[in-house]
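Now for the letters of each chain:
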Amino acid sequence: MFMTDPAFEKIKNYLLDSHLIDEPRLSDILIKAQQSGIDPQELLISSGLISASQLNVIKSKIFNLPTADLSEIEINQSVLRILPQEVATNYKIIVFDQKEKDIKVGLVNPGNFLAIEAMDFLAKQGGWTPHYYVISILDFKKAIKQYTEDKKEIVSALESAEEKFFSKEKEENYPFKEENFLLEERIKTAPIAKIVSVIIRNAVEGGASDIHIEPSRNESRVRYRVDGILHTSLIIPNYLHNAIVSRIKVLASLKLDETRLPQDGRIRLVIDGKDVDLRISILPMLNYEKVVIRVLNTAAGIPTLKQLGFSDHHLEIIERNIKRPFGLFLLTGPTGSGKTTTLYSILNMLKDDSINITTLEDPIEYYVTGINQSQIKPEVGFSFALGLRAILRQDPNIIMVGEIRDNETAELVIHSSLTGHLVFSTLHTNDAWGAIPRLIDMHVEPFLLSSTINLVMAQRLVRKICPDCRE
């Protein structure tokens with residue numbers, strides 16, 4: 001409640017002691033604030049009893065902090081998103097400027113120590129040094145709206161696209177049909193490029209692992225997977241769906257005229273100074289194509305096993321088994337559970353000038369210096385089995401096979417680990433025990449399994465609780 005807020009109590013006492021406002025009026029403001037849920041600072045300003053700049057100066061004197069005027073400042077999106085929107089809204093704080101590792105943070109309620117603790121915690125995690133300023137409630141409300149600027153860009157782009165491809169004149173004279181418009185013309189237009197750009201940028205800045213662009217009968221929707229859960233972010237008119245898919249195909253160097261078969265590609269972008277890899281998967285549906293984009297933030301580097309959340313007990317087991325000179329290390333779990341990322345972390349620990357590490361991947365997710373990485377190409381006959389045979393002639397010490405998909409690969413992996421190589425691979429099973437019957441089902445002899453397997457590990461992706469919202 002505002003009445004018992006010790007920070008606002010200081011402001012209230014200062015106003016009364018300085019005779020800037022009388023007690024009956026202030027009491028009336030506080031009662032209205034409680035009834036309406038509006039911040040009393042906003043009511044003080046809107047009632048004309050005090051200006052926003054006057055209130056800022058008062059807060060500056062009370063809490064010994066400099067003031068900042070954000071009324072004319074357009075905050076860079078990358079700066080704004082240093083602080084999650086939910087935290088900013090909850091605590092009425094905003095990051096409005098950044099120079100190297102120094103950030104400027106605006107506080108509406110500088111006496112709210114929980115807000116400062118939350119900001120200090122997030123700043124420490126990101127390696128930032130925060131500098132605090134007093135801002136007005138009006139400046140905060142203007143700044144918080146800038147979190148939605150990307151959506152405004154999308155709306156503007158959609159309006160431009162609608163004007164260009166679906167104008168009233170065309171609606172009146174020609175009933176809309178897909179074939180009435182040249183797809184090539186749409187792909188080259190600024191609105192389509194802007195829509196695709198904002199969709200990708202939103203995903204990267206929002207920490208999404210995947211982007212789904214899904215067609216339906218009347219519209220297309222864009223969904224982001226964040227912490228394992230899909231969230232609908234945008235609805236796009238159906239007449240733009242093919243143009244958006246084609247724009248993505250152009251960026252990924254895929255065939256524009258191929259709409260009957262699935263296609264896979266890759267896009268490398270620099271977003272806010274960070275290298276981002278995007279894996280593109282296009283799947284034909286009934287009348288349209290669906291796009292799924294896996295977002296790989298390569299600038300963040302390969303995380304350590306500790307950063308991935310492994311306990312000390314499990315780390316000790318893993319470290320003991322990866323030091324063995326030969327044998328098989330199997331990682332199991334469902335699609336998207338982070339198996340490949342864990343293997344990269346382990347290979348990063350093992351890489352050394354004295355050993356030869358070679359990988360077979362489909363696709364290569366991270367490029368790691370000091371490791372020989374080979375990309376599988378099934379369309380030309382370069383399979384895991386063929387690649388593994390070739391790798392064995394490359395004098396390897398450690399081999400990483402992205403996935404055991406067939407009987408031939410399973411047999412070669414087992415024989416490689418029997419002949420003095422340390423082999424890492426993944427397998428799609430529900431748990432660690434399931435790897436044994438799965439390999440036997442792939443016609444691997446049971447007595448060979450007991451001789452080769454060092455460790456079988458299962459993992460899942462677990463959602464993390466927000467450190468600022470948890471109770």
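Residues numbered from 1 in each chain as written. Predicted model: local features only at pLDDT ≥ 70, side-chain atom pairs only at ≥ 80, totals over all residues. Heavy atoms only, no water.

### Focus: the overall build of the chain
Right, so step 1: Assigned secondary structure in the chain consists of 19 helices and 15 strands.
Right, so step 2: The burial tally for the chain puts 45% of its 471 residues in the buried class.
Right, so step 3: Long-range contacts, defined here as pairs at least 24 residues apart, represent 60% of the contacts in the chain between residues at least 6 apart. (Helix = DSSP H or I, 4+ residues; strand = E, 2+ residues; numbered from the N terminus. Buried < 20%, exposed > 50% of the residue type's maximum accessible area, 1.4 Å probe, protein only. Contact = heavy atoms within 4.5 Å.)

### Observations regarding helix α2 (residues 23-36)
Right, so step 1: The end-to-end C-alpha separation of α2 is 20 Å, in line with the 20 Å expected for 14 residues at 1.5 Å each.
Right, so step 2: Looking only at α2, the buried set comprises Leu26, Ile29, Leu30 and Ala33. The buried residues of α2 occupy an angular sector of 95° when projected down its axis, which confines them to one face. Away from the buried face of α2 by more than 90 degrees, exposed residues Pro24 and Gln35 are located.
Right, so step 3: Remark: Gly37 follows α2 within two positions and exhibits a positive phi of approximately 80°. (Expected span 1.5 Å × (residues − 1). Arc of directions from axis to C-beta.)

### Concerning helix α7 (residues 113-126)
Right, so step 1: Taking 1.5 Å per residue, 14 residues should reach 20 Å; α7 reaches 20 Å between its end C-alpha atoms and fits that length.
Right, so step 2: Buried within α7 we find Ala115, Ile116, Ala118, Met119, Leu122 and Ala123. The buried residues of α7 occupy an angular sector of 160° when projected down its axis, which confines them to one face. Exposed and facing more than 90 degrees away from the buried side of α7 are Phe113, Leu114, Glu117, Lys124 and Gln125.
Right, so step 3: Along its buried surface, α7 packs onto α6 (85-91), β1 (93-99), β2 (102-107) and β3 (129-134).
Right, so step 4: Of the residues flanking the start of α7, the one acting as N-cap is Asn112, its side-chain oxygen 3.1 Å from the backbone nitrogen of Leu114.
Right, so step 5: One or two residues past the end of α7 sits Gly127, with phi positive at roughly 75°. (Polar contact = N/O pair within 3.5 Å; in protein donor to acceptor, adjacent residues only side chain to side chain.)

### Notes on the packing of aromatic side chains
Right, so step 1: Taken as a whole and judged by the stated rule, the model has two aromatic pairs.
Right, so step 2: With a centroid separation of 5.7 Å and an interplanar angle of 70°, the aromatic rings of Phe96 and Tyr133 are classed as edge-to-face. Here Phe96, found in strand β1, pairs with Tyr133, found in strand β3; they are 37 residues apart in sequence, far enough to count as distant.
Right, so step 3: The exposure class of Tyr133 is buried, given its relative accessible area of 18%.
Right, so step 4: Ring centres 5.2 Å apart and planes at 40° place the aromatic pair Phe329 and Phe424 in the tilted group. (Phe/Tyr/Trp six-rings, centres within 6.5 Å; stacked < 30°, edge-to-face > 60°.)

### Side note on the packing of helix α14 (residues 312-322) against helix α15 (residues 339-350)
Right, so step 1: Contact geometry of α14 with α15 gives a least axis separation of 11 Å together with a crossing angle of 55°. Our classification of the angle between α14 and α15 gives oblique. Between α14 and α15 lies a crossing whose hand is right-handed. Here Ile318, Glu319 and Ile322 of α14 lie close against α15, whose contacting residues are Ile346, Met349 and Leu350.
Right, so step 2: Here the contact of α14 with α15 is built from residues that sort into five nonpolar, no polar and one charged. (Axes fitted to C-alpha atoms, helices over the stretch in contact; angles between N-to-C directions. Parallel < 35°, antiparallel > 145°, perpendicular 65-115°, else oblique. Left-handed = near helix turned anticlockwise from the far one by under 90°. Nonpolar A, V, L, I, M, F, W, Y, C, P; charged D, E, K, R; others polar.)

### Looking at the environment of Phe8
Right, so step 1: As for its position among the elements, Phe8 is in helix α1 (residues 6-17).
Right, so step 2: Considered as a pair, Phe8 and Gln41 are 33 residues apart in the sequence and their alpha carbons are 8.7 Å apart.

### Observations concerning the sheet that holds β3
Right, so step 1: With mixed pairing, three strands are arranged side by side in an open sheet as β1-β2-β3. Each having just a single partner strand, β1 and β3 make up the two edges of the open sheet. Neighbour-to-neighbour, the strand axes of this sheet turn through a mean angle of 30°, independent of strand direction.
Right, so step 2: Here β2 runs beside β3; their pairing, made up of six bridges, is parallel. Bridge assignment links Gly106 to a residue of β3, and that residue is Tyr133.
Right, so step 3: α7 rests against β1, β2 and β3 of the sheet, and its axis sits at about 150° to β3. (Pairing = 2+ DSSP bridges.)

### What about the nonpolar core?
Right, so step 1: If you look at the biggest cluster of nonpolar residues, it comprises 48 residues, and the most contacted ones within it are Leu44, Leu83, Ile93, Ile94, Val95 and Met119.
Right, so step 2: When residues in this core are grouped by element, the largest group, six residues, is from α7.
Right, so step 3: Those residues in contact with Leu44 that lie beyond four places of it in its chain are Phe8, Leu15, Ile21, Leu26, Ile29, Leu49 and Ile50.
Right, so step 4: With 31 residues, the next largest nonpolar core counts Val222, Tyr224, Ile282 and Ile293 among its residues. (Core = buried A, V, L, I, M, F, W, Y, C linked by side-chain atoms within 4.5 Å.)

### Some details on the sheet that holds strand β11 (residues 357-361)
Right, so step 1: Taken in spatial order, the six strands of this open sheet run β12-β11-β13-β14-β10-β15, and their pairing is parallel. Both outer strands of the open sheet, β12 (372-375) and β15 (453-458), are each paired with one neighbouring strand and no more. Adjacent strand axes in the sheet meet at a mean angle of 15°, parallel and antiparallel pairs treated alike.
Right, so step 2: Of the strand pairs in this sheet, strand β13 (residues 398-401) and strand β14 (residues 422-427) are connected by four bridges, and their pairing is parallel. Pairing of Met400 across the sheet is with Phe424, part of β14.
Right, so step 3: Packed onto the sheet, α14 meets β10 (327-332), β14 and β15 and runs at close to 145° relative to β15.
Right, so step 4: With respect to the sheet, α15 is in contact with β10, β11, β12, β13, β14 and β15, its orientation differing from that of β14 by roughly 165°.

What is shown is where atoms sit, not what they do.
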